[in-house]
Amino acid sequence: AQTVTQSQPEMSVQEAETVTLSCTYDTSESNYYLFWYKQPPSRQMILVIRQEAYKQQNATENRFSVNFQKAAKSFSLKISDSQLGDTAMYFCAFMRGGYQKVTFGTGTKLQVIP
Amino acid sequence: DTGVSQDPRHKITKRGQNVTFRCDPISEHNRLYWYRQTLGQGPEFLTYFQNEAQLEKSRLLSDRFSAERPKGSFSTLEIQRTEQGDSAMYLCASSFPGQGFAGELFFGEGSRLTVL
């Protein structure tokens, strides 16, 4: 079974600064996908960024980027120029290729401080 | 289409009662998921449909839980003889394996269950 571990329950960052959220996973699969989802307070969860395991290049979406270390099974999320709207729970997630079940970590609560 | 909708948003019930939640996915999405989320935890997979077929059900799901997706459109999640441990947010998500699909789930706002 795949597991996803987020070791930082809570983090805070000053507005306009950069913050990195950590995630590690455990799998014996070679074909899989990794995701970061954002869940703002009292709002639905949305996808922030995704990474295909077969791609060596780290994914980037505007201010969000990942550091994907396949050998170390590490998948961290970097948020640059943090904004107040980034305040949310962030969940790291894993999906095996060709399979539809997505497994989530326990989340990191990020607070952006003005 | 405005996204995945769930109803009711909040349900308070007494222990032993039955409750039913409804999820309307994005119209062109053929995959539908139910997750459960308790405070401070990540979403926990419950079950998954492709069209009307229930393809997987979590082993953690007791026999008191049942889900259906008649005609491959909306889905219902029923919990019979509720227990206090069932108190949680029940999340519905849908997806469509279109071109470039890589597992993105579109979530509803959830149905919060409180069992007294």
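Residues numbered from 1 in each chain as written. Chains lettered and ligands numbered in written order. Predicted model: local features only at pLDDT ≥ 70, side-chain atom pairs only at ≥ 80, totals over all residues. Heavy atoms only, no water.

1. Notes on the overall build of chain A
Check the secondary structure of chain A and you find zero helices and twelve strands. Tracing chain A from N to C terminus, the helices and strands come up as β-β-β-β-β-β-β-β-β-β-β-β. Whereas a compact globule of 114 residues would reach a radius of gyration of roughly 13 Å, chain A reaches 14 Å, a difference of no more than 12%. C-alpha extents for chain A along the principal axes are approximately 40 × 30 × 20 Å. Taking all 114 residues of chain A together, 50% fall into the buried category. Sequence separation of 24 or more characterises 55% of the internal contacts of chain A that already satisfy a separation of 6 or more. Here chain A carries 11 positive and 9 negative side-chain charges, and the mean point of each set is 7 Å from the other. (Helix = DSSP H or I, 4+ residues; strand = E, 2+ residues; numbered from the N terminus. Rg over C-alpha atoms; globule rule 2.2 N^0.38 Å. Buried < 20%, exposed > 50% of the residue type's maximum accessible area, 1.4 Å probe, protein only. Contact = heavy atoms within 4.5 Å. Lys, Arg positive; Asp, Glu negative; His and termini not counted. Charge placed at Lys NZ, Arg CZ, Asp CG, Glu CD.)

2. Side note on the nonpolar core
One broad trend across soluble globular proteins is that nonpolar side chains are buried collectively. With 25 residues, the main nonpolar core has Trp36, Phe75, Leu77 and Tyr90 of chain A as its most contacted residues. Elements that contribute at least two residues to this core include exactly β3 (19-21), β5 (32-39), β6 (46-52), β8 (64-69), β9 (74-79), β10 (88-96) and β12 (108-113) of chain A. It is β10 of chain A that provides the largest number of residues to this core, a total of four residues. Apart from residues no more than four positions distant in its own chain, Leu77 of chain A is found in contact with Val19, Thr20, Leu21, Trp36, Ile49, Phe64, Ser65, Val66 and Tyr90 of chain A. If you look at the next biggest cluster of nonpolar residues, it comprises 20 residues, including Tyr33 and Leu47 of chain A together with Leu91 and Phe107 of chain B. (Core = buried A, V, L, I, M, F, W, Y, C linked by side-chain atoms within 4.5 Å.)

3. Concerning the pattern of salt bridges
Throughout the structure, instances matching the rule amount to ten salt bridges over all chains. Its salt-bridge partner being Glu52 of chain A, residue Lys55 of chain A comes within 3.9 Å of it at the nearest N-O pair. You can call Lys55 of chain A partly exposed: its relative accessible area is 38%. Residue Glu52 of chain A is classed as buried on the basis of its relative accessible area of 13%. Salt-bridge contacts for Glu109 of chain B lead to Arg9 of chain B; the nearest nitrogen and oxygen are separated by 3.3 Å. Separated by 100 residues along the polypeptide, Glu109 of chain B in the loop between β10 (106-107) and β11 (111-115) and Arg9 of chain B in the loop between β1 (5-7) and β2 (10-13) bring together distant segments of the chain. Here the residues in one salt-bridge network are Arg64, Glu83 and Asp86 of chain B, joined through shared partners. (Salt bridge = Lys/Arg side-chain N within 4 Å of Asp/Glu carboxyl O.)

4. What to know about the interface of chain B and chain A
Each partner contributes residues to the interface: chain B has 20 residues there, and chain A has 19 residues. Taking both sides of the interface into account, the surface hidden between chain B and chain A amounts to around 1,700 Å²; carbon and sulfur atoms contribute 53%. At the surface where chain B touches chain A, the tally comes to one salt bridge. In this assembly, chain B and chain A are joined by three residue pairs in polar contact (both at pLDDT 80 or more). When contributions to the side of chain B that touches chain A are tallied by element, the ones reaching two or more residues are β4 (31-37) and β5 (44-50) of chain B. No other element matches β4 of chain B, which puts four residues into the side of chain B that touches chain A. Residue composition of the side of chain B that touches chain A, grouped by class: ten nonpolar, six polar and four charged. (Buried area = accessible area lost by both parts, 1.4 Å probe. Polar contact = N/O pair within 3.5 Å; in protein donor to acceptor, adjacent residues only side chain to side chain. Nonpolar A, V, L, I, M, F, W, Y, C, P; charged D, E, K, R; others polar.)

5. A few points about the sheet that holds strand β3 (residues 19-24) of chain B
Residue and element names in this part refer to chain B. If you trace the four strands from one edge of the open sheet to the other, you get β1-β3-β8-β7, paired in antiparallel fashion. Looking at which strands have only one partner, the edges of the open sheet turn out to be β1 and β7 (65-68). Taking the axes of each pair of neighbouring strands and ignoring which way they run, one obtains an average angle of 15 degrees across the sheet. (Pairing = 2+ DSSP bridges. Axes fitted to C-alpha atoms, helices over the stretch in contact; angles between N-to-C directions.)

6. Topic: the confidence of the model for chain B
Counting all residues, the mean pLDDT for chain B is 91, and 94% of those residues have values of 70 or more. Put simply, strand β6 (residues 53-57) of chain B is where chain B has its lowest mean pLDDT, 90, and β3 of chain B is where it has its highest, 98. (pLDDT = per-residue confidence, 0-100.)

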